[in-house]
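Now for the letters of each chain:
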Amino acid sequence: MSRRQPNPPPSAGEGACGAGGRGAGATSPESVLPSPDPLRGPPSPAEGRGKRVGAVFAAVFTVVLLLAGALWRYAATLPPLDLTQASLRSTVILDRKGQLLRPFATADGRWRLPVTADAIDPRTLAMLKAYEDRRFDHHPGIDPAATARAAWQWLAHGKIVSGGSTLSMQVARLVEPRTERSLLAKLRQMVRAVELERSLGKSGVLDLYLALAPYGGPVEGMRAASLAYFGREPARLSFAESALLVALPQSPEARRPDRFAANARRARDRVLDIAAERGVMTDAEAQAAKAEPVPALRKPFPMLAAHAAEQAHAADPEARVQQLTLDARLQASLEALATERTAAAGPALSAAILAIDNRTGAVLAHIGSAGYLDAARAGAVDATQAVRSPGSALKPFIYALAFENGLAHPETLLDDRPARFAANYAPENFDMGYRGTVTARVALQQSLNLPAVELLDAVGAARFVARLRGAGATILLPRDTAPGLPVALGGLGITLTDLARLYAGLARAGTVPVLTHRLDGPPAAPEPERRVADPVAAWYVADTLRGAPPPENALPGRISFKTGTSYGYRDAWAVGFDARVTIAVWIGRPDGASVPGLVGRSHAAPILFDAFARFGGEPEALLRPRDALVVSTAALPPPLRHIRRDAPKTFAATLGVPLKIAYPPDGARVDLGLTEGAQARLALKALGGQPPLTWMVDGLPVAEAMRRQSEWSPDGAGFARISVMDAAGASDSVVVRLE
């Protein structure tokens, strides 16, 4: 028989109110609450927490709505966004392939290099988004979820725990820096973040972050940081390197690895953990990355072609990116070569190297010194622009002028023996010896002084200097002096740049190139063609120099080259060329002091041949012109077989009438009256001279033209150089235009 519990006694309230009656003043608070459901029992703790969470969510939602309204109202009060300062970048000088040669800091001393997301390793970008802003690709500049989380934490803790900043909001803070951390500052960042996304898009905002993010000290932007801490571009970084670059902007000064390595390592490892947690990498990759050390020192920024970069920046200071014609690989290799060879040659020596593309005139390498930062070698001095004595390096152009004017041929015999010229000038050979009678080819290959002076005496020193200046070279002579025979052996001043241009002219059939330094600059104004020799004379010289004896341990016959040594062993030169490239080398002291034993053949020539080896590829020989005369000495016309110094240069010594071309006059325009099928003939007439005469056109003898009056059948219209030489070696020359 079951026992039933007796009903509980009535409470005091119930007794006071009576059954069914509720007195207003007698009821307790509990009496108004609904009775618990007898089937469910009392509320559980979880239900209580759920109600509290719901209340907090409602509060957060309210805060977010209020925040959105505040943003809308606040945006209307802000001035237009100004990106002028944010767009400022360091000037960067690039090579012909876009590789960085040298950056320059901004006017306020910051390193802020141009960079876009395309130049960053995609894994680095994935790590950045995973760590800083997982929903960057989807939100409009403000992440509602992150904002709600920040509001929750604010309400729960009574203070700002996290700001919910997106990458776009961080860019807004970088574009408009603010020192205060307040709700108003956060509102401004939100407004600006939306504006940035609307105006620039996701890619533009990401590019701004990559360019402006701080990395400690004056380093800003991921590209500058990658170069400063790892010494390379950010296109291919390791996981550890990427993680460090992602971590640094949050606290750039406190995490600088060159000052606070422990802080940098902890921050990097935290990024690696988050990246592994969010699937950017595996746990094994993260653990392997943590084993890598952090860089202890900042590396110097690249400084290839320092002199060329400075000149380009000075010429166009407003251009933030300049692309030069230089080849970074060749430039770096030749800079190392100059440093290595000068260190071995002796203290205080410097070197300069210039490489020119013969086809285009583009400067491929510009080494101004043996070390830009080496004060002991005056590295800041650009020796490619210094005016120095070339020694024998200009001899080839004396021979070219003699060949062009019909005074000599590579197989013409010259006398190499002691002699005294006008003004009591008595030069000697470098080795103080003499070879007797030699061909012009051998005399030039062995750089004999007496034959070169003899030919200069024949063509005229003033005429020779005028030819060099007409070709575009700046020639400096001793003050208040006229050109004399000493210019054959270096008695003038010229720069390495001009010397290289003249030799490039020999490689280009006599046409001197206009040097180009920039690929992206405005097109240069057209310049008149400048010639240092006619095509046949240029080939004669190039072919002769190809047979010059090479320095020790070098292969012969590969390039055409010439060396030079200035008076007093102050300068050593070597210039060489093939069909592809001309390379010029100078070595000496920047202050012009004498260096005993400094000789072009032993100091500059080895650098030249090594430079050609580093240029790469097989040298290309120059094509022989159709009109070149390749014969032995015996097969030359009699006046070209031997130039004797004791022979009178004109017939004036016997008859008083000098040799002169009477027709056609110099500079004349001759109408040949050419008609289809007709053979034009040009009359030739000379006065004076000692018969027989030899007529030559463009360096080639005219068949059976040995009299004062003759004729020549031209191939067609164009310019022609007509020369005549008598039996005594006297000559005259004119240039005419045939129409």
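Residues numbered from 1 in each chain as written. Predicted model: local features only at pLDDT ≥ 70, side-chain atom pairs only at ≥ 80, totals over all residues. Heavy atoms only, no water.

## So, the overall build of the chain
For step 1, the next point in the chain: Regarding its fold elements, the chain presents 20 helices and 20 strands.
For step 2, the next point in the chain: Within the chain, the proportion of its 739 residues that are buried is 48%.
For step 3, the next point in the chain: By sequence separation, contacts in the chain at least 24 residues apart represent 70% of the contacts at least 6 residues apart.
For step 4, the next point in the chain: Accessible surface, the chain: about 35600 Å² in total, of which carbon and sulfur atoms supply 56%. (Helix = DSSP H or I, 4+ residues; strand = E, 2+ residues; numbered from the N terminus. Buried < 20%, exposed > 50% of the residue type's maximum accessible area, 1.4 Å probe, protein only. Contact = heavy atoms within 4.5 Å. Areas by Shrake-Rupley, 256 points an atom, 1.4 Å probe, with all protein chains shown as cover.)

## With respect to the confidence of the model for the chain
For step 1, the next point in the chain: Counting all residues, the mean pLDDT for the chain is 85, and 83% of those residues have values of 70 or more.
For step 2, the next point in the chain: This stretch, residues 647-656, has a pLDDT under 50; its non-local contacts, to residues over four places away or in other chains, come to 17 contacts. (pLDDT = per-residue confidence, 0-100.)

## Some words on the pairing of strand β2 (residues 100-104)
For step 1, the next point in the chain: With 5 of its 5 residues buried, β2 lies for the most part within the structure.
For step 2, the next point in the chain: What sits between strand β1 (residues 91-94) and β2 in their antiparallel hairpin is a turn of 5 residues, with glycine 98 showing a positive phi close to 90°. (Pairing = 2+ DSSP bridges.)

## Quick look at the side chain of aspartate 415
For step 1, the next point in the chain: Note on placement: aspartate 415 falls in strand β8 (residues 413-416).
For step 2, the next point in the chain: Judged by relative accessible area, aspartate 415 falls into the buried class, the value being 7%.
For step 3, the next point in the chain: Among the polar contacts listed, one links the side chain of aspartate 415 to the side chain of arginine 417, at a separation of 3.0 Å.
For step 4, the next point in the chain: Separated by 3.4 Å, the side chains of aspartate 415 and threonine 437 make a polar contact. (Polar contact = N/O pair within 3.5 Å; in protein donor to acceptor, adjacent residues only side chain to side chain.)

## Regarding the sheet that holds strand β6 (residues 350-357)
For step 1, the next point in the chain: Here we have 5 strands laid out as an open sheet, ordered β7-β6-β12-β11-β10, and antiparallel in their pairing. Two strands bound the open sheet, and with one partner strand each, they are β7 (363-367) and β10 (560-565). Within the sheet, the average angular offset between the axes of one strand and its neighbour, ignoring direction, is 10°.
For step 2, the next point in the chain: Of the strand pairs in this sheet, β6 and strand β12 (residues 581-588) are connected by 8 bridges, and their pairing is antiparallel. Pairing of isoleucine 356 across the sheet is with threonine 582, part of β12.
For step 3, the next point in the chain: Running over the sheet, helix α17 (residues 496-507) touches β6, β10, β11 (571-577) and β12 and is turned about 150° from β12. (Axes fitted to C-alpha atoms, helices over the stretch in contact; angles between N-to-C directions.)

## Re helix α16 (residues 461-470)
For step 1, the next point in the chain: Every buried residue of α16 is listed here: Ala461, Phe464, Val465, Arg467 and Leu468. Buried residues of α16, seen end-on, are gathered within an arc of 155° and therefore sit on one face of the element.
For step 2, the next point in the chain: Summarising the contacts, the buried residues of α16 are in contact with α13 (395-404), α15 (449-459), α17 and β19 (718-725).
For step 3, the next point in the chain: A positive phi of about 105° marks glycine 472, the residue just after α16. (Arc of directions from axis to C-beta.)

## What about the sheet that holds strand β15 (residues 682-687)?
For step 1, the next point in the chain: Read from one edge to the other, the open sheet built from 3 strands follows the order β13-β15-β18, with strand pairing classed as antiparallel. The sheet terminates laterally at β13 (660-663) and β18 (709-712), the two strands that pair on one side only. Mean inter-strand twist for the sheet, computed between neighbouring axes without regard to direction, equals 35°.
For step 2, the next point in the chain: In terms of strand pairing, β15 meets β18 through 4 bridges, oriented antiparallel. In the strand pairing of β18, leucine 682 is matched with tryptophan 712.

## Considerations on unusual backbone geometry
For step 1, the next point in the chain: Omega for the bond connecting tyrosine 663 with proline 664 falls within 30 degrees of zero, at 0°, which places this linkage in the cis form.
For step 2, the next point in the chain: Here proline 664 shows up in the loop between β13 and β14 (669-670).
For step 3, the next point in the chain: Despite not being glycine, alanine 348 has its phi angle at roughly 70°, a positive value.
For step 4, the next point in the chain: Residue position: alanine 348 is located in the loop between α12 (328-345) and β6.
For step 5, the next point in the chain: A positive phi angle, close to 65°, is found at methionine 432, a residue other than glycine.
For step 6, the next point in the chain: Its place among the elements puts methionine 432 in the loop between β8 and β9 (436-439).
For step 7, the next point in the chain: You can call methionine 432 exposed: its relative accessible area is 54%.

## Observations concerning the environment of serine 733
For step 1, the next point in the chain: When you line up the elements, serine 733 lands in strand β20 (residues 731-738).
For step 2, the next point in the chain: By relative accessible area, which is 15% here, serine 733 ends up buried.
For step 3, the next point in the chain: Through-space distance from the C-alpha of serine 733 to that of valine 697 is 9.5 Å; in sequence the pair is 36 residues apart.
For step 4, the next point in the chain: Apart from the residues lying within four places of it in its own chain, the contact partners of serine 733 are Asn405, Arg463, Ile661, Arg721, Ile722 and Ser723.
For step 5, the next point in the chain: A distance of 3.3 Å separates polar atoms of two side chains, one belonging to serine 733 and the other to arginine 721.

## Let's talk about the side chain of threonine 166
For step 1, the next point in the chain: Tracing the backbone through its elements, the reader meets threonine 166 in the loop between α4 (144-157) and α5 (167-175).
For step 2, the next point in the chain: A distance of 2.7 Å separates a polar atom in the side chain of threonine 166 from the backbone oxygen of glycine 141.
For step 3, the next point in the chain: Among the polar contacts listed, one links the side chain of threonine 166 to the backbone nitrogen of methionine 169, at a separation of 3.1 Å.

## So, the packing of aromatic side chains
For step 1, the next point in the chain: Taken as a whole, this structure holds 8 aromatic pairs when the rule is applied.
For step 2, the next point in the chain: Aromatic pair tryptophan 111 and phenylalanine 301: ring centres 4.3 Å apart, planes at 25°, arrangement stacked. Here tryptophan 111, found in strand β3 (residues 111-112), pairs with phenylalanine 301, found in the loop between α10 (283-290) and α11 (306-315); they are 190 residues apart in sequence, far enough to count as distant.
For step 3, the next point in the chain: With a relative accessible area of 12%, phenylalanine 301 lands in the buried category.
For step 4, the next point in the chain: Judged by centre distance (6.2 Å) and plane angle (65°), the ring pair of tyrosine 399 and phenylalanine 403 falls under edge-to-face. One end of the pair is tyrosine 399 and the other is phenylalanine 403, both in helix α13 and 4 residues apart, which spans about a single turn. Grouping residues by exposure puts tyrosine 399 and phenylalanine 403 together as buried.
For step 5, the next point in the chain: Chaining the aromatic ring pairs together yields one cluster made of Tyr399, Phe403, Trp539 and Tyr540.
For step 6, the next point in the chain: Taking NZ or CZ as reference, arginine 123 lies 4.8 Å from the ring centre of phenylalanine 239, over its face.
For step 7, the next point in the chain: The residue whose ring lies beneath lysine 202 is phenylalanine 136, and the NZ or CZ to ring-centre distance is 4.5 Å. (Phe/Tyr/Trp six-rings, centres within 6.5 Å; stacked < 30°, edge-to-face > 60°. Lys NZ or Arg CZ within 6 Å of the ring centre and 35° of its normal.)

## Notes on α10
For step 1, the next point in the chain: Taken together, the buried positions of α10 are occupied by Ala286, Ala289 and Lys290. Down the axis of α10, the smallest arc covering the buried residues is 100°, so these residues share one side.
For step 2, the next point in the chain: On the buried face of α10, the contacting elements are α8 (239-247) and α9 (261-277).

## Thoughts on the nonpolar core
For step 1, the next point in the chain: Ranked by internal contacts, the top residues of the largest apolar core, which has 85 residues, are Leu394, Phe397, Tyr399, Leu456, Phe464, Leu502 and Tyr503.
For step 2, the next point in the chain: The leading source of residues in this core is helix α18 (residues 535-546), at 8 residues.
For step 3, the next point in the chain: Core analysis: the next-biggest nonpolar cluster, separate from the first, contains 56 residues, Met127, Leu167, Leu208 and Leu237 among them. (Core = buried A, V, L, I, M, F, W, Y, C linked by side-chain atoms within 4.5 Å.)

## Here we look at the environment of proline 619
For step 1, the next point in the chain: Mapped onto the fold, proline 619 is located in the loop between α19 (600-615) and α20 (638-641).
For step 2, the next point in the chain: Spatially, the C-alpha atom of proline 619 lies 6.7 Å from that of isoleucine 559, the residues being 60 residues apart in sequence.
For step 3, the next point in the chain: If sequence neighbours within four positions are ignored, proline 619 has contacts with Arg558, Ile559, Asp578 and Arg580.

## Here's the deal with the packing of helix α3 (residues 122-132) against α8
For step 1, the next point in the chain: At a minimum axis distance of 9 Å, the contact between α3 and α8 shows a crossing angle of 45°. Accordingly, the angle class assigned to the pair α3 and α8 is oblique. Our pair here, α3 against α8, has a crossing hand that is right-handed. Along its contact with α3, which presents Arg123, Thr124, Met127, Leu128, Tyr131 and Glu132, the element α8 presents Phe239, Ser242, Ala243 and Val246.
For step 2, the next point in the chain: Here the contact of α3 with α8 is composed, by residue class, of 6 nonpolar, 2 polar and 2 charged. (Parallel < 35°, antiparallel > 145°, perpendicular 65-115°, else oblique. Left-handed = near helix turned anticlockwise from the far one by under 90°. Nonpolar A, V, L, I, M, F, W, Y, C, P; charged D, E, K, R; others polar.)

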